[in-house]
Amino acid sequence: MRSFRVVLCVLSAVGCVSYVGGSAETGCDSEFNGRCRCGVVRIGEQNLYVTNCTDSGFKDMSMLKQLPIETEILIFTGNDVSVIPPNVFGDERKYDRLVKIDFSRNNITDIQGQAFHRVPKVGTLVLNDNRWRVDAEHTRIFANMPALEELHLDRGLDGGSEEQQEEGEVIGRLVQLFRDGSVRHLTKVHLRGNRLGPFFKMDVFCAIPSLAEIDLSDNGIVQVLWVESCLRSLHTLDLGHNSIEFLSNSTMDNLDAIGDVSVDLTDNNFDCDCHMTPFYLWLHSTDVHVVNKEGYTCKDGFPESNAGHTVLSLPADRLQCQIPAVLYGPYFGFVHVALLLVVVLIASTLLIVALAHSHELVDTCRHFGRPVYRRMQYSSIRKETERELEI
């Protein structure tokens, strides 16, 4: 074999690198059909053995059972493989040098149980740009990856129908995945662009206390719900490019409790009216690093003239509401309005019933009123008689 040097840009944040070893053709075993590149690659200051099968036209992953044992980074992207089968790397060899797997852009919809066996040192798994339907029966997908620290699922999940999103079905499956998958060592989870639905519960991540970085950007989130006190190792939270109008009290309290954390709320649908007041005051006073908060712009508000202004440029008395804040509080004010409507409805019903039975009510009043009237008459006559006797 003679050495070769091929310059190529390795995907998934590996950067532009150069092969410095391998065969005259591909450097890979025959099972790869000459479609991949295998060899030592210069990445930064390191020489790493990379197996690169980018846009290779594969329809399955059977060749990965013959993955070169020296492989430290596997890039298998841009193929058409819907299923990652059990023991995708076989059950004979143990890949102790493999530290990163990139399975992006493969149209993956199913990851079967026991898929990632015999890869104990993998610290980064990239599954971006797939359509994975998390199976409620196979939630221990990552249980045999004790070194896993980074999980990248940007646009990698099948978000399901709008109804499923509203019911939080995908989020529920993520809860099972993180709780059952023994991924307590994860430090990064990226879930950008997965249409996770209007209400996202941060408690999903409470089973992973080591998490330092969470990316939930571009998911159509309207409100972040964070009840439990957890994630004390969190350093970066990206909530940008969603539809958030303001943060809830519990979310702000949890961020304040962490303290040394950075939160990004860039490009959200801030509604600058009285309901935003607690969030507005928090932006002015919190020690949390809120990325580019001076640039947050009101998409709507009351009065309507608030729209288009930056949130922090508005004086507090400009955050108003058509319905008084006493009745329509800063959070979930619709409950108060609903109760008011119920009271009005009950009163109206009683009035209608009273009108429908007016004759009966009049007779009843007369029946109970006669004795009273007679007593009043008798009392009046007695008083007159007493006056006459005095005279």
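None of these values were measured; they are calculated from a predicted model.

**Q** Hey, could you go over the overall build of the chain for me, with residue numbers and the actual values?
**A** Within the chain one finds 6 helices and 19 strands. The buried share of the chain, taken over its 391 residues, is 42%. Considering only residue pairs separated by 6 or more positions, the chain has 62% of its internal contacts joining residues 24 or more positions apart. Split by element, the accessible area of the chain, about 20500 Å² in all, is 53% carbon and sulfur.

**Q** I'd like a description of the state of the cysteines, backed by residues and values.
**A** In a disulfide, the sulfur atoms of two cysteines are covalently bonded to one another. Tallying each qualifying case throughout the model produces 5 disulfides. Two residues, Cys274 and Cys321, share a disulfide whose sulfurs are 1.9 Å apart. Residues Cys274 and Cys321 share a disulfide whose torsion about the S-S bond is about -90°; that sign makes it left-handed. Taken as a pair, Cys274 in the loop between β17 (270-272) and α4 (277-285) and Cys321 in the loop between β19 (298-301) and α5 (334-356) lie far apart in primary sequence, 47 residues in all.

**Q** Could you give me a rundown of the environment of Leu216, with the residues and numbers involved?
**A** You can see Leu216 is positioned in the loop between β13 (213-215) and β14 (223-225). What makes Leu216 buried here is its relative accessible area of 0%. On a C-alpha basis, the gap between Leu216 and Arg192 in space is 5.1 Å, while along the polypeptide they are 24 residues apart. Those residues in contact with Leu216 that lie beyond four places of it in its chain are Leu191, Leu196, Phe200, Met202, Phe205, Ile221, Leu237, Asp238, Leu239 and Asn242.

**Q** Can you explain the packing of aromatic side chains? Please cite residues and give values.
**A** Counted according to the given criterion, the structure contains 11 aromatic pairs. Seen in terms of ring centroids, Trp132 and Phe142 are 6.2 Å apart; in terms of plane orientation they differ by 80°. Their pairing is edge-to-face. Remark: Phe142 occurs in the loop between β9 (124-126) and β10 (150-152) and Trp132 occurs in the loop between β9 and β10; sequence separation between them is 10 residues. Relative accessible area serves as the criterion here: at 2%, Trp132 is assigned to the buried category. Among the residues examined, Phe142 registers a relative accessible area of 1% and is labelled buried. Residues Phe178 and Phe205 carry aromatic rings whose centres are separated by 5.8 Å and whose planes lie at 35° to one another, so their mutual orientation is tilted. Taken together, the residues span a long stretch of sequence, with Phe178 in helix α2 (residues 169-180) and Phe205 in the loop between β12 (199-201) and β13 at a distance of 27 residues. Across this residue pair, the class does not change: Phe178 and Phe205 are buried. Every member of this aromatic cluster is reached through a ring pair, and the members are Phe58, Phe76, Phe103, Phe116, Trp132 and Phe142.

**Q** Got a sec to walk through a nonpolar patch on the surface? Specific residues and values, please.
**A** A cluster of nonpolar side chains, contributed by Val342, Ile346 and Leu350, occupies part of the molecular surface with about 290 Å² of accessible area. Along the chain, Leu350 turns up in helix α5. When its relative accessible area of 57% is taken as the criterion, Leu350 is described as exposed.

**Q** Please provide a residue-by-residue account of the nonpolar core, values included.
**A** Formed by 89 residues in total, the largest nonpolar core has its most connected members in Phe89, Phe103, Phe116 and Phe205. Of all elements in the fold, only α2, α3 (249-258), β17 and α4 reach the threshold of two or more residues within this core. If one sorts the elements of this core by residue count, α2 sits on top with 6 residues. Phe89 has contacts with Leu64, Lys65, Leu67, Leu74, Tyr95, Leu98, Ile101, Phe103, Phe116, His117 and Val119, leaving out every residue within four places of it along the chain. Core analysis: the second largest hydrophobic core is formed by 6 residues, Val41, Leu48, Val50 and Ile75 among them.

**Q** Describe unusual backbone geometry, listing the residues and the values that go with them.
**A** With the exception of glycine, most residues fall at negative phi, and the peptide bonds are largely trans. Between Phe302 and Pro303 the backbone carries a cis peptide bond, its omega angle lying at 0°. Note that Pro303 resides in the loop between β19 and α5.

**Q** Quick rundown of the confidence of the model for the chain? Include the residues and the values.
**A** Here the chain averages 83 in pLDDT, while 77% of its residues score no lower than 70. Every residue in residues 325-332 is under pLDDT 50, and counting partners more than four places away or in other chains gives 22 contacts. Segment residues 381-385: pLDDT under 50, and 0 contacts once partners within four positions in sequence are set aside and those in other chains are kept.

**Q** How would you explain the side chain of Asp264 if you had to name every residue and give the values?
**A** Here Asp264 lies in strand β16 (residues 262-264). Nearest to the buried, unbridged Asp264 among oppositely charged side chains is Arg192, at 7.9 Å.

**Q** Help me get a handle on the pairing of strand β3 (residues 37-43), residues and values and all.
**A** Looking along a regular strand, one sees the side chains alternate between the two faces of the sheet. Sheet topology places β3 next to strand β4 (residues 46-52); 7 bridges connect them, and they run antiparallel. Across the sheet, Ile43 pairs through a bridge with Gln46, a residue of β4.

**Q** Account for the pattern of salt bridges, naming residues and giving values.
**A** A complete count under the given rule lists 8 salt bridges for this structure. Between Glu45 and Arg42 there is a salt bridge, with its nearest N and O atoms 3.8 Å apart. Residue classification places Arg42 among the partly exposed residues on the basis of a relative accessible area of 35%.

**Q** Mind laying out the environment of Pro315, listing which residues take part and the relevant values?
**A** Relative to the assigned elements, Pro315 resides in the loop between β19 and α5. Separated by 35 residues in sequence, Pro315 and Tyr280 have C-alpha atoms that sit 9.8 Å apart.

Rules used in this analysis
Residues numbered from 1 in each chain as written. Predicted model: local features only at pLDDT ≥ 70, side-chain atom pairs only at ≥ 80, totals over all residues. Heavy atoms only, no water. Helix = DSSP H or I, 4+ residues; strand = E, 2+ residues; numbered from the N terminus. Buried < 20%, exposed > 50% of the residue type's maximum accessible area, 1.4 Å probe, protein only. Contact = heavy atoms within 4.5 Å. Areas by Shrake-Rupley, 256 points an atom, 1.4 Å probe, with all protein chains shown as cover. Disulfide = S-S within 2.5 Å. Phe/Tyr/Trp six-rings, centres within 6.5 Å; stacked < 30°, edge-to-face > 60°. Patch = residues over 30% accessible without salt bridge, like charges linked within 9 Å, V, L, I, M, F, W, Y side chains within 5 Å. Salt bridge = Lys/Arg side-chain N within 4 Å of Asp/Glu carboxyl O. Core = buried A, V, L, I, M, F, W, Y, C linked by side-chain atoms within 4.5 Å. pLDDT = per-residue confidence, 0-100. Lys, Arg positive; Asp, Glu negative; His and termini not counted. Pairing = 2+ DSSP bridges.

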